[in-house]
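Read off the chains here:
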Amino acid sequence: MSANNNDFITELTKQAESGNTKSQHNLAERYKSGDGVKCNISRHIMWLIQSAENGNANAQFDLAEYFYNGIVLEQNYSEAIKWYKKAAEQDLAEAQYSLGLIYEKGEGITQNFAEAVKWYTKASKQGLNDALFNLAVLYESGKGVEKNMTTAAKLLKSAALNGHIKSQLNLGILCFNGKGVERDLFEAKRWFTEAAEQGDIHSQFNLGKCYEELGTNQDLFYAFKLYEKSAEQGLDDAILNLARCYEKGKGVKADIEKAVEMYKILAIKGIAVAQYNLAMCYKDGKGVKQSWVDAVKWFSKAEMQEHTDARYQLARCYENGTGVKKDMGKAVNLYIKSALKGNANAQFCIALCYERGNGVIPNMPKAIEWYEKAVESGVPGAQCNLAILYYNGNGVEKNLEKAKELFRLSASQGNKVARSYLTKI
């Protein structure tokens, strides 16, 4: 240790002992790192506490971090909050952000999203990227503040321009979906690319989705390669889309066996969409030996996770007794659950059940209600059946013009029964 360094440490110690908070914090840091003095954690804490108690915001923040994380000092959320607040009130952005995080999570204090918004806003005004991001998420969800997707997008853009990866990803998603901003796949591509170049696998995956949908600039092969790259890093969504590419031959030569292999991996992990896709492969005998029993097995697992299409397919199995004992009661229950979630085919099937009394007491008003919902979704069978009711005046007032309109809609989609009725009107 040089004489000059000894002199510096001696002078620094004198300033610290005289109450200079910056010198106290500086000396604390040196005892921590061993820079110019022998590393001594006890002295580090001693000087850190003195600096914090004397009002040094950076020391207050460092002390809060120790209490919050349980490093060096025993974890104590109350002490952490106390010191974060002192530093935050002195406009230290990092402390304001940390305090917002504590209020958002409700750690050692009653969860309070409004307080989280308050402190994130203060830190955001100082340009802290993490605060901008977290504040944007609260505006997206409407927690602690009125939901405002436009404000969320603006906050994300501020952080994204500073290279904040999570903000670039989320801003890209908003641009892709047209939430808070106009839908713009090229702008989405820009932000996904920026984040992907920093190694973010979720952005690689979403960039692949952009290249699938870029119209004349569509590049299915590049989309496939991006999915592949993300899948290699273990991203389940990427593996799922990679499997779909192999199943449909999008960007790669179709290989249904490989797709099934990937669906199985994800299905075993409990991914509902993969369970449904695997069930469909067993149902249709695509890439595997056809098996209704296995189809029912995987439809059931996906249905337990409220996968609407799986629920509809399982209802069909119970109605027809394929892969499972026939049970119209269960079929009706599943049809209703799926129909209520907007599955058009389920709406059509439950309408049939109510019209014919299959598994339920016949109820024409309910049958008509569900036919109408299915018609709105463009189901040709529902269009035809509702047209027949209007044609015969069954459950509704007879209306040949309405019947003709519905027969035409159904016939335009290839329904032969509708076509035959049109010759009679």
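Structure: see above.
Residues numbered from 1 in each chain as written. Predicted model: local features only at pLDDT ≥ 70, side-chain atom pairs only at ≥ 80, totals over all residues. Heavy atoms only, no water.

**With respect to the overall build of the protein**
Selection rule: What counts as a helix is a DSSP run of H or I of at least four residues, what counts as a strand is a run of E of at least two, and both are numbered from the N terminus. Values of the radius of gyration come from C-alpha atoms, whereas the globule rule sets the reference at 2.2 Å times the count of residues to the power 0.38. Residue exposure (1.4 Å probe, protein chains only): buried if accessible area is under 20% of the type maximum, exposed if over 50%, otherwise partly exposed.
Looking only at helices and strands, one finds 24 helices and zero strands in the protein. Computed over the C-alpha atoms, the radius of gyration of the protein is 32 Å, more than 25% above the 22 Å expected from 2.2 N^0.38 for a compact globule of 425 residues. Each principal axis of the C-alpha atoms in the protein carries an extent, and together these give about 110 × 45 × 45 Å. Relative to its 425 residues, the protein shows a buried fraction of 47%.

**Looking at helix α22 (residues 380-392)**
The line we're drawing: To estimate how far a helix should extend, the number of its residues minus one is multiplied by 1.5 Å. It only takes one pair of heavy atoms within 4.5 Å for two residues to be counted as in contact.
Taking 1.5 Å as the rise per residue, α22 with 13 residues should run 18 Å; its terminal C-alpha atoms sit 18 Å apart, in good agreement. Those residues of α22 that fall on the buried side of the exposure criterion are G381, A382, Q383, C384, N385, L386, A387, I388, L389 and Y390. Buried-residue contacts for α22 involve α20 (344-356), α21 (364-376), α23 (400-411) and α24 (416-422). One or two positions beyond α22, positive phi appears at G393, with a value near 70 degrees.

**Notes on the pattern of salt bridges**
Close approach of charged atoms allows side chains of opposite charge to pair. For clarity, the cut-off: Any carboxyl oxygen of Asp or Glu within 4 Å of a side-chain nitrogen of Lys or Arg constitutes a salt bridge here.
Applying the stated criterion across every chain yields a total of twelve salt bridges. Between R30 and D35 there is a salt bridge, and its shortest N-O distance comes to 3.2 Å. Of the residues examined, R30 reaches a relative accessible area of 15% and is grouped as buried. With a relative accessible area of 42%, D35 lands in the partly exposed category. Of the charged contacts, one joins R190 and E187 as a salt bridge, the two residues approaching to 3.2 Å between their closest N and O atoms. A residue pair is termed a helical-turn pair when its members lie 3 or 4 positions apart in one helix, as R190 and E187 do in helix α11 (residues 185-196) at three residues. Classification of R190 by relative accessible area gives partly exposed; the value is 34%.

**A closer look at the environment of M46**
Considering the arrangement of structural elements, one finds M46 in helix α3 (residues 41-53). Overall, M46 belongs to the partly exposed group, its relative accessible area being 34%.

**Comments concerning the packing of aromatic side chains**
Here is the rule we go by: Planes of paired rings set the category: under 30 degrees apart is stacked, over 60 is edge-to-face and the rest tilted, where pairs are Phe, Tyr or Trp rings (Trp by its six-membered ring) whose centres lie within 6.5 Å. Distance and angle both matter: a charge sits over a ring if NZ of Lys or CZ of Arg is within 6 Å of the ring centre and within 35 degrees of the ring normal.
Throughout the structure, instances matching the rule amount to 13 aromatic pairs. Ring centres of Y97 and Y120 lie 5.8 Å apart, and the angle between their planes is 35 degrees; this geometry places the pair in the tilted category. Highlighted residues: Y97 in helix α6 (residues 93-105) and Y120 in helix α7 (residues 113-124), separated in sequence by 23 residues. Judged on exposure class, the residue Y97 and its partner Y120 are both buried. Three or more aromatic residues joined by ring pairs form one cluster here, namely F61, Y68, Y77 and Y84. K122 extends its terminal NZ or CZ atom over the ring of W119, reaching a point 5.8 Å from the ring centre.

**Here we look at the nonpolar core**
Spelled out, the test is: Here the nonpolar core consists of buried residues drawn from Ala, Val, Leu, Ile, Met, Phe, Trp, Tyr and Cys, with membership extended through side-chain atoms lying within 4.5 Å.
If you look at the biggest cluster of nonpolar residues, it comprises 146 residues, and the most contacted ones within it are F299, Y335 and Y371. Sorting elements by how many residues they give to this core places α20 first, with nine residues. Filtering out sequence-adjacent residues up to four positions away, Y335 remains in contact with Y312, A315, R316, E319, A346, C349, I350 and C353.

**Side note on the packing of α6 against helix α8 (residues 129-141)**
Definition in use: Angles run from 0 to 180 degrees between N-to-C directions of axes, and those axes are lines fitted to C-alpha atoms, restricted for helices to the stretch in contact. Under this scheme an angle from 65 to 115 degrees is roughly perpendicular, one under 35 degrees roughly parallel, and one over 145 degrees roughly antiparallel; angles in between are oblique. Should the near helix be turned anticlockwise from the far one by less than a right angle, the crossing is left-handed, and should it be turned clockwise, the crossing is right-handed. Residues are grouped as follows: nonpolar covers Ala, Val, Leu, Ile, Met, Phe, Trp, Tyr, Cys and Pro; charged covers Asp, Glu, Lys and Arg; every other residue, Gly included, is treated as polar.
Two elements in contact, α6 and α8, have axes whose closest approach is 10 Å; the angle formed by their N-to-C orientations is 30 degrees. Between α6 and α8, the angle falls in the class roughly parallel. Judged by the twist between their axes, the crossing of α6 over α8 is left-handed. Of the residues in α8, those touching α6 at Y97, L101 and E104 are D130, A131, N134 and L138. Looking at the contact of α6 with α8 residue by residue, the classes come out as four nonpolar, one polar and two charged.

**Focus: unusual backbone geometry**
One non-glycine residue, V72, lies in positive phi territory at about 75 degrees. Relative to the assigned elements, V72 resides in the loop between α4 (57-69) and α5 (77-88). Phi angles above zero are rare outside glycine, and D91 is one such case at about 70 degrees. Mapped onto the fold, D91 is located in the loop between α5 and α6.

**A word on the environment of G395**
Assignment of secondary structure puts G395 in the loop between α22 and α23. Taking the C-alpha atoms as reference, G395 lies 84 Å from K32; in sequence the two are 363 residues apart. Those residues in contact with G395 that lie beyond four places of it in its chain are M364 and I368.

**Here we look at a nonpolar patch on the surface**
Selection criterion: Residues form patches when they are more than 30% accessible in relative terms and have no salt bridge. Like charges link within 9 Å. Nonpolar side chains (Val, Leu, Ile, Met, Phe, Trp, Tyr) link within 5 Å. To measure how exposed things are, a 1.4 Å probe is used in the Shrake-Rupley method; for residues, cover is taken only from the protein chains shown.
A contiguous nonpolar patch, built from I41, I71 and V72 and spanning about 250 Å² of accessible area, is present on the exposed surface. Judged by relative accessible area, V72 falls into the partly exposed class, the value being 46%.

**Thoughts on the environment of E401**
Relative to the helices and strands, E401 is located in helix α23. The class for E401 is exposed, based on a relative accessible area of 61%. For the pair E401 and A116, spaced 285 residues apart in sequence, the C-alpha separation works out to 60 Å.

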